[in-house]
Amino acid sequence: MHDTFSRRNLFRRSGAGFGSVGLMSALASSQILAGDATVSDSSVGDGLHHRARAKRVIFLFMNGAPSHVDTFDPKPLLAKHAGQSPNDHSIDKKNRAGGYMPSPFKFSAHGESGVVMSELFPKLADHADDLCVVRSMHTDVPNHEPGLLLMQSGHQQPTRPSMGSWLSYGLGSANANLPSFVALSPGLPVVGPQLWSNAFLPGQHQGIEIDTNHSDVEKLIHNIRHPHLSRSDQREQLDLLQQFNRIHRQQRPGEAALETHIRSMELAFEMQREASEAFDLQRESQRTRQAYGDSEFGRSCLLGRRLLERGVRVVQVFYVKKNSKQPWDTHRNNNSGHETLCADADRVTAALLSDLKRRGMLDDTLVIWGGEFGRTPYAQVDKDKDPKKAGRDHHHTGFSMWLAGGGVRGGYTHGATDDFGMHAVEKRVHVHDLHATVLHLMGIDHTRLTYRYSGRDFRLTDVHGRVVDDWFA
């Protein structure tokens, strides 16, 4: 009898109703919370250090890195010097470097503001006056793993909290029955769960991963309905379990992991009801579903909008496919690859911006679009040396991203790379500056959002970062 009603058995049985959402991984990760982790800034409690321009953020992450010279940074001089070898000592992989490769895609100005972009984005062009295009991004290394980690967590090496986890820690969720941070990914990207990790922050701030290969709710979230118990039976069982948990916690003061366990189980129970509605894309009109399309990226962005609408603070959408961890990594067939990828990204991104605007959400929703770095303005050497199959290599010293909504200055182009697109030279923006500015738009001073762990104060921007005021509306 004792074994039947043991705390461990109750935990196992009651957790069965929603265990696959990712909360259990959050619980496992919370075990890292050993030592002297404490909040070092009491002002973080209410979330805001100053007036927020944005209430929520959705980061559309193009895994593998889009080519800036084919999308948002036209370089006509590349055509004049096509095939010439770059005379640049900063090139890391000279054995893979071919001659300058001009973009085959036409660029033109759009909107009243005249924001210039490639013909690969005909639908996004209708939103030119909403976009803040940043042409002067740069990062530290041209390799995927450290580039991804730096873009997501502010550090090249694991284990540091992701930006979404920092925002969750600082601001929480506007819906007590849904997590504050959700990562939507139809397959694992390079590096994987570390990109939405809470690391040493409390476990409830880890991103909840959702596999968007499916649109059916019960396939999106396994075990969303308990196979045997009614909701009232589950509530009774959970109440009993939580009584045991509280007794257990009182006997072990100061163990943050126990509090994470208790909170996560309660959230899992409430999510059974809330998520059934929030994750059901069939509740959207046929017209809306058609606007987004039925690609993995389309489903992710539509689901992301539904979650933002219901109080989720941060949504991270990873552009990956089930069998492709980094589709934008066009070492070969750069031109045809970008035609295919941009067709999907253009349709979906434009649909998201239109949808947010129609619902009155764009003004306080920050949208971010970009990858971990850019691609080389010169061709990557191909063993067949077939110019039709030419690719572009990784490029970190100058690339483009854009932001929209959330208090951002629309119809604005910030900074520049040199005449060949090799290096950011005007109004340079590092990844740390991007993070500092995103936090500022969300009402947070990046120097004050800190967490004491292992004897030191950590923050998303470490000892770096400056807020880019030029981006503000």
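What you see as residue numbers is a count from 1 along each chain, following the sequence as written. Per-residue local features of the predicted model are confined to residues with pLDDT of at least 70, and side-chain atom pairs are confined, for both listing and counting, to 80 or more; whole-chain, interface and lining totals are unaffected and use all residues. No hydrogens and no water enter the side-chain calculation; it runs on all heavy atoms of the structure.

Once that is clear, we can look at the pairing of strand S9 (residues 314–318). Exposure is judged per residue with a 1.4 Å probe applied to protein chains only, and the accessible area is read against the type maximum: over 50% gives exposed, under 20% gives buried, and values in between give partly exposed. What counts as a helix is a DSSP run of H or I of at least four residues, what counts as a strand is a run of E of at least two, and both are numbered from the N terminus. Most of S9 is tucked away, with five of its five residues classed as buried. By the alternation rule, side chains of S9 split into Val314, Gln316 and Phe318 and Val315 and Val317, which are all buried. By the bridge criterion, five bridges tie strand S2 (residues 56–61) to S9 in an arrangement that is parallel. Looking at the pairing, Phe61 lines up with Phe318 of S9. A pair of strands is labelled paired if DSSP reports no fewer than 2 bridges between them. As judged from the four bridges shared by strand S7 (residues 181–184) and S9, these two strands associate in the parallel manner. Across the sheet, the residue bridging to Phe181 is Val314, located in S9.

Turning our eyes to something else, we now look at the pairing of strand S4 (residues 107–110). The pairing of S4 with strand S5 (residues 115–118) spans four bridges and is classified as antiparallel. Its bridge partner lying in S5, Ser108 is registered against Met117. Counted along the chain from S4 to the antiparallel partner S5, the turn is four residues long, and its residue Gly111 has a positive phi close to 70 degrees.

This next bit is on the sheet that holds strand S12 (residues 391–395). Strand order in this open sheet of three strands is S3-S11-S12, and the pairing throughout is antiparallel. Edge positions in the sheet fall to strand S3 (97–100) and S12, since each of these pairs with one other strand and no more. Adjacent strand axes in the sheet meet at a mean angle of 65 degrees, parallel and antiparallel pairs treated alike. Relative to strand S11 (residues 374–380), S3 is paired through two bridges, and the arrangement is antiparallel. For Tyr100, the partnering residue across the bridge sits in S11 and is Tyr378. In this analysis, axes come from line fits to C-alpha atoms, helices being fitted only over the stretch in contact, and the angle between any two N-to-C directions falls in the range 0 to 180 degrees.

Our focus in this paragraph is the pattern of salt bridges. Definition used for salt bridges: Asp or Glu carboxyl oxygen within 4 Å of a side-chain nitrogen of Lys or Arg. Counted under the stated rule, the structure contains 24 salt bridges. The salt bridge involving Asp364 is made with Arg56; its shortest N-O contact spans 2.7 Å. With Asp364 in the loop between helix H11 (334–358) and strand S10 (365–370) and Arg56 in strand S2, this pair connects stretches of sequence that are 308 residues apart. By relative accessible area, which is 18% here, Asp364 ends up buried. Judged by its relative accessible area of 13%, Arg56 is buried. Across the pair Arg310 and Glu277 runs a salt bridge, and its minimum N-O distance is 2.7 Å. Placement of the pair is Arg310 in the loop between helix H10 (296–309) and S9 and Glu277 in helix H8 (residues 256–278), with a sequence separation of 33 residues.

Moving on, we come to the side chain of Ser295. Relative to the helices and strands, Ser295 resides in the loop between helix H9 (286–292) and H10. The term polar contact refers here to a pair of N or O atoms within 3.5 Å; inside protein, the definition further demands a hydrogen-donor-capable atom paired with an acceptor-capable atom, and it admits residues adjacent in sequence only when both atoms are side-chain atoms. There is a polar contact of 2.9 Å between the side chain of Ser295 and the side chain of Asp344. Working rule for contacts: check all heavy atoms of both residues, and any pair within 4.5 Å makes them a contact. Ignoring any residue separated from it by four or fewer positions in sequence, one finds Ser295 in contact with Asp344 and Val348.

This brings us to the nonpolar core. Membership of the largest hydrophobic core comes to 52 residues, with the highest contact counts inside it found for Trp166, Leu167, Leu366 and Trp471. Every residue in contact with Trp471, bar those within four places of it in the chain, is listed here: Cys132, Val134, Leu403, Gly407, Val408, Arg409, Tyr412, His414, Val429, Leu434 and Thr437. Within the second largest apolar cluster, 50 residues are counted, among which are Val182, Leu341, Ala345 and Trp402. Among buried residues, the Ala, Val, Leu, Ile, Met, Phe, Trp, Tyr and Cys ones that are joined through side-chain atoms within 4.5 Å form a nonpolar core.

Mapped onto the elements of the fold, Leu366 is located in strand S10. Since its relative accessible area comes to 0%, Leu366 is described here as buried. Here the alpha-carbon distance between Leu366 and Val408, two residues 42 residues apart in the chain, equals 7.7 Å.

The next subject is helix H12 (residues 431–441). Counting buried positions over the eleven residues of H12 gives ten, a clear majority of the element. What H12 keeps buried is the set Val431, His432, Asp433, Leu434, His435, Ala436, Thr437, Val438, Leu439 and Leu441. Following H12 by one or two positions, Gly443 adopts a phi angle in the positive range, close to 95 degrees.

In this section: unusual backbone geometry. A cis amide bond, omega 10 degrees, links Pro158 with the succeeding residue Thr159. Take Thr159: it is sitting in the loop between helix H4 (144–153) and helix H5 (163–171). At Val191, a position not held by glycine, the phi torsion is positive, near 80 degrees. Along the chain, Val191 falls in the loop between S7 and strand S8 (208–210).

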